[in-house]
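Coordinate inspection notes
So the chains spell out like this:
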Amino acid sequence: MGVSTIQLFSEALGKWTTYSVILPEAGEGPFPVLFQLHGLSDDHQAWIQRSNLVRHVAKLPLVVVLPDGGTSGYLNWKPSNRLHKHRYEDLIINDITSHLKRNFNVTGGKWAIGGLSMGGYGAMRLGLKYPDRFASIWAHSSAFHIGDYADPALIEPDSVATGNVFHLAEDVARLPEPPVISFDCGTEDELIEHNRALHAHMESLGLDHTYNEHPGAHTWDFWDDHVREALEQHRRVLNLTPLP
Amino acid sequence: MSILSVRFSSRALAKQTTFNVIHPDHGEGPFPVLVQLHGFSDDCSSWLTNSNIARHVASLPLIVVLPDGGTSRYLNVKTHERFVQENYEDLIMRDIPEQVLRMFHVREGKWAIGGLSMGGYGALRLGMKHPDRFASIWAHSAGLRQVDPALAQMLDDPKDADVEHWASVLAGREQPVISFDCGVDDSLLAYNRDLHAYLESIGVNHTYKEHAGAHTWDYWDLHVKEALIQHASVLGIEPES
């Protein structure tokens with residue numbers, strides 16, 4: 001595969017930003033896309049450098065996109081002053097998506113989204129908010145409570161209203177074709193109660209999902225291991241045939 | 001740690017080249033250096049993207065330098081094409097160290113060297129050839145085939161490419177700590193066993209290990225951790241919490 005780093009001007013941020021892309025080394029395009037979101041304090045290189053994601057996806061005819069979400073929770077924040085824009089949801093959903101469609105041989109249909117910790121929250125939230133865009137969601141060790149801190153003084157109204165993944169799950173439960181939803185968490189992870197709570201909530205809604213607990217904590221060893229199960233789901237949902 | 005990509009003009013190659021650096025973000029400099037070499041068909045990003053080396057070294061006060069060796073076997077070779085220069089040993093031994101010493105807070109003294117496959121060969125050969133520069137060597141799944149006639153024609157002295165030659169020169173001198181390993185399902189296993197037997201026969205101290213596994217990144221991602229423990233021990237550094 002090829003690993004490419006792309007700089008683009010983002011309207012959502014009002015500045016230049018960078019994302020990385022893992023490109024398939026064979027197969028016939030157009031290829032579907034997996035957005036894989038990093039955690040708090042990390043950036044667009046974290047999945048590449050701290051896990052073996054590049055090797056894990058080597059046989060998949062899939063474009064993996066790694067945005068830089070800063071410390072945003074992948075929410076649209078209000079401008080903190082006249083010169084700063086922080087609309088990270090729009091960065092993913094608008095700017096990078098249209099940049100991908102313009103520059104790469106990608107499919108027009110539904111894609112997949114995943115992530116860890118803050119990025120697990122982002123993946124679950126954006127996946128549930130945009131079920132017309134994402135067919136497969138897998139969130140690891142997620143900070144599902146980030147939405148509780150979505151202060152209306154700081155966050156754009158639309159992101160406040162949709163910041164809570166528990167509420168979004170209620171909307172998605174009413175859809176005829178909800179996305180395939182999975183999440184997992186380590187039993188030593190201090191975020192586990194938030195994950196158990198979302199699992200119980202989705203059970204009560206009758207919303208199909210997979211929730212796995214494994215030994216392990218909030219560590220890259222956990223994510224490097226379990227991202228492979230996520231990729232297997234994305235492969236199946238996106239109907240990808242592994243390359244020889 | 002921080003990860004840096006450095007592009008500079010190399011005299012040895014007469015062109016621009018790139019190396020990556022994993023730099024500690026804690027601890028007190030100056031730091032010792034590990035030069036970690038990639039295999040055939042790979043480049044200066046391969047250790048970063050295909051293994052977790054960045055995480056494995058995260059707690060070590062160590063600068064890891066990842067050169068781009070092309071397909072050179074880290075040798076200086078004669079080329080017949082005008083404008084083309086392929087002195088990869090000079091890249092590793094002179095040009096990149098010049099950059100590293102100028103740019104970073106580097107401890108005086110010997111460095112460590114490691115690598116896989118072609119880079120395992122490069123680490124053993126350069127480490128043994130330059131014992132004044134390297135205190136610790138660890139090669140994984142090293143490609144140690146005899147020097148073939150086509151390669152010999154490209155060298156000033158075919159012996160220069162021969163690891164056993166440099167091992168024999170090393171015998172009786174101050175030696176770096178030398179280790180190498182190979183997977184039992186690796187097609188290069190016989191060459192590694194041969195080198196092990198040869199080093200035994202001439203009395204060059206070394207550690208040789210065989211493990212389950214083949215010529216794969218799963219193998220290298222696992223066993224580079226043992227290499228790092230040796231390098232840290234020989235260089236006298238300890239993981240920081």
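These remarks concern the structure in this document. Every chain is numbered independently, its residues counted from 1 as its sequence is written. Here every chain gets a letter starting at A, and every ligand a number starting at 1, in the order they are written. Note on the predicted model: pLDDT of at least 70 is required for a residue's local features to be given, and 80 or more for side-chain atom pairs to be given and counted; whole-chain, interface and lining totals, by contrast, use all residues. Only hydrogens and water are removed before side-chain values are computed, so all heavy atoms of the structure are retained for them.

Regarding the overall build of chain B
- Within chain B one finds eight helices and ten strands.
- Computed over C-alpha atoms, the radius of gyration of chain B comes to 17 Å, within 12% of the 18 Å expected from 2.2 N^0.38 for 241 residues, which places it in the range of a compact globule.
- Seen along its three principal axes, the alpha-carbon backbone of chain B occupies a region of about 50 × 45 × 35 Å.
- Looking at chain B as a whole, 55% of its 241 residues are labelled buried.
- Long-range contacts, defined here as pairs at least 24 residues apart, represent 73% of the contacts in chain B between residues at least 6 apart.
- Residue exposure ignores everything except the shown protein chains as possible cover, and the areas themselves are Shrake-Rupley values with a 1.4 Å probe. Of the roughly 10,300 Å² that chain B leaves accessible, carbon and sulfur atoms contribute 48%.
- Computing the positive centroid from 20 side-chain charges and the negative centroid from 31, chain B places the two 5 Å apart. To qualify as a helix, a DSSP run of H or I must reach at least 4 residues; to qualify as a strand, a run of E must reach at least 2; elements of each kind are numbered from the N terminus. Throughout, the radius of gyration refers to the C-alpha atoms, and the reference size of a globule is 2.2 Å times the residue count to the power 0.38. When a residue's accessible area, from a 1.4 Å probe over protein chains only, is under 20% of the maximum for its type it is buried; when over 50% it is exposed; and in between it is partly exposed. Note on definitions: a residue-residue contact is assigned when non-hydrogen atoms from the two residues lie within 4.5 Å. Positive charges come from Lys and Arg, negative ones from Asp and Glu, while His and the chain ends are left out of the count. Think of each charge as sitting on NZ of Lys, CZ of Arg, CG of Asp or CD of Glu.

Side note on the nonpolar core
- Joining through side-chain atoms within 4.5 Å is the link that ties buried Ala, Val, Leu, Ile, Met, Phe, Trp, Tyr and Cys residues into a set, and such a set is a nonpolar core. The biggest cluster of nonpolar side chains holds 53 residues, and the ones touching the most others in it are A:Phe35, A:Met124 and A:Leu128.
- Residues in contact with A:Met124, not counting those within four places in the same chain, are A:Ile137, A:Ala139, A:Phe144, A:Val165, A:Ile181, A:Ser182, A:Phe183, A:Leu198 and A:Met202.
- B:Phe8, B:Val65, B:Leu75 and B:Val77 belong to the second-largest nonpolar core, a separate cluster that totals 51 residues.

Concerning the interface of chain B and chain A
- On the side of chain A, twelve residues touch chain B, which itself brings twelve residues to the contact.
- Two parts placed together each lose some accessible area; with a 1.4 Å probe, that loss summed over both constitutes the buried area. Both sides of the chain B and chain A interface together cover about 1,000 Å² of buried area, and 41% of this is carbon and sulfur.
- Any Lys or Arg side-chain nitrogen located within 4 Å of an Asp or Glu carboxyl oxygen qualifies as a salt bridge. In this assembly, chain B and chain A are joined by three salt bridges.
- For the salt bridge of B:Arg55 with A:Asp221, the shortest nitrogen-to-oxygen distance reads 3.1 Å.
- Polar contacts, as counted here, are pairs of nitrogen or oxygen atoms within 3.5 Å of one another; within protein the pair requires one atom able to donate a hydrogen and one able to accept it, and residues that are adjacent in sequence qualify only if both atoms are side-chain atoms. Across the contact surface, chain B and chain A share seven residue pairs in polar contact (both at pLDDT 80 or more).
- Where the side of chain B that touches chain A is concerned, the elements lending two or more residues are α1 (46-50), α2 (53-56) and α8 (217-235) of chain B.

A word on the packing of helix α6 (residues 163-170) of chain B against helix α7 (residues 189-202) of chain B
Residue and element names in this part refer to chain B.
- Following both chains from N to C, one finds α6 and α7 inclined at 20 degrees, their axes separated by 10 Å at the closest point. Viewed along their axes, α6 and α7 adopt a mutual orientation that is roughly parallel. The handedness of the crossing between α6 and α7 is right-handed. In contact with Val 163, Glu 164, Ala 167 and Ser 168 of α6, α7 contributes Asp 194, Leu 195, Tyr 198, Leu 199 and Ile 202.
- Classification convention: Asp, Glu, Lys, Arg as charged; Ala, Val, Leu, Ile, Met, Phe, Trp, Tyr, Cys, Pro as nonpolar; all other residues, Gly among them, as polar. Per-class residue counts for the contact of α6 with α7 are six nonpolar, one polar and two charged. Each axis is a line fitted through C-alpha atoms, and for a helix only the stretch in contact is used; angles between axes span 0 to 180 degrees, taken between their N-to-C directions. Any angle between 65 and 115 degrees counts as roughly perpendicular, while under 35 counts as roughly parallel, over 145 as roughly antiparallel, and the rest as oblique. Should the near helix be turned anticlockwise from the far one by less than a right angle, the crossing is termed left-handed; should it be turned clockwise, right-handed.

Remarks on the pattern of salt bridges
- Tallying each qualifying case throughout the model produces 24 salt bridges over all chains.
- As a salt-bridge pair, A:Glu232 and A:Arg235 come within 2.8 Å of each other at their nearest N and O atoms. A residue pair is termed a helical-turn pair when its members lie 3 or 4 positions apart in one helix, as A:Glu232 and A:Arg235 do in helix α8 (residues 220-237) at three residues.
- For A:Arg235, a relative accessible area of 21% translates into the label partly exposed.
- Between B:Glu174 and B:Lys110 there is a salt bridge, and its shortest N-O distance comes to 3.6 Å. Residue B:Glu174 is located in the loop between α6 and β9 (177-183), and its partner B:Lys110 is located in the loop between α3 (88-103) and β7 (111-116); the two are separated by 64 residues in the primary sequence.
- Assessed through its relative accessible area of 64%, B:Glu174 is described here as exposed.
- The partly exposed category is assigned to B:Lys110, whose relative accessible area is 28%.
- Salt bridges sharing partners connect three or more residues here, namely A:Glu89, A:Arg125, A:Lys129 and A:Asp158.

Topic: the packing of aromatic side chains
Residues and elements named next belong to chain A.
- Note on aromatic pairs: the rings of Phe, Tyr and Trp (six-membered ring only in Trp) are paired at centre separations within 6.5 Å, and the planes decide the class, stacked below 30 degrees, edge-to-face beyond 60, tilted for the rest. Under the counting rule described, the total for this entry stands at eleven aromatic pairs over all chains.
- Ring centres 5.5 Å apart and planes at 85 degrees place the aromatic pair Phe 144 and Phe 183 in the edge-to-face group. Placement of Phe 144 in the loop between β8 (134-140) and α5 (157-161) and of Phe 183 in strand β9 (residues 180-186) is noted, with a sequence separation of 39 residues between them. By the burial criterion, Phe 144 is buried, and Phe 183 matches it.
- Pairwise contacts between aromatic rings join Phe 35, Trp 111 and Phe 134 into one cluster.

Quick look at the sheet that holds strand β4 (residues 63-66) of chain B
Residues and elements named next belong to chain B.
- Pairing between strands is defined by DSSP: at least two bridges between them are needed. The eight strands are arranged β1-β2-β4-β3-β7-β8-β9-β10 in an open sheet whose pairing can be described as mixed. Single-partner strands in this sheet number two, and they are β1 (2-10) and β10 (207-211). Strand-to-strand twist of the sheet, defined as the mean angle between neighbouring strand axes without regard to direction, takes the value 20 degrees.
- Sheet topology note: the β7/strand β8 (residues 134-140) ladder contains six bridges and is parallel. Across the sheet, residue Gly 115 finds its bridge partner in β8, namely Ala 139.

Some thoughts on the pairing of strand β3 (residues 33-37) of chain A
Residue and element names in this part refer to chain A.
- Where burial is concerned, most of β3 is hidden: five out of the five residues are buried.
- Across the two faces of β3 the burial is the same, with Val 33, Phe 35 and Leu 37 and Leu 34 and Gln 36 all buried.
- Here β3 pairs with strand β7 (residues 111-116) via four bridges, running parallel. In the sheet register, Leu 37 faces β7, and the bridge partner there is Gly 115.

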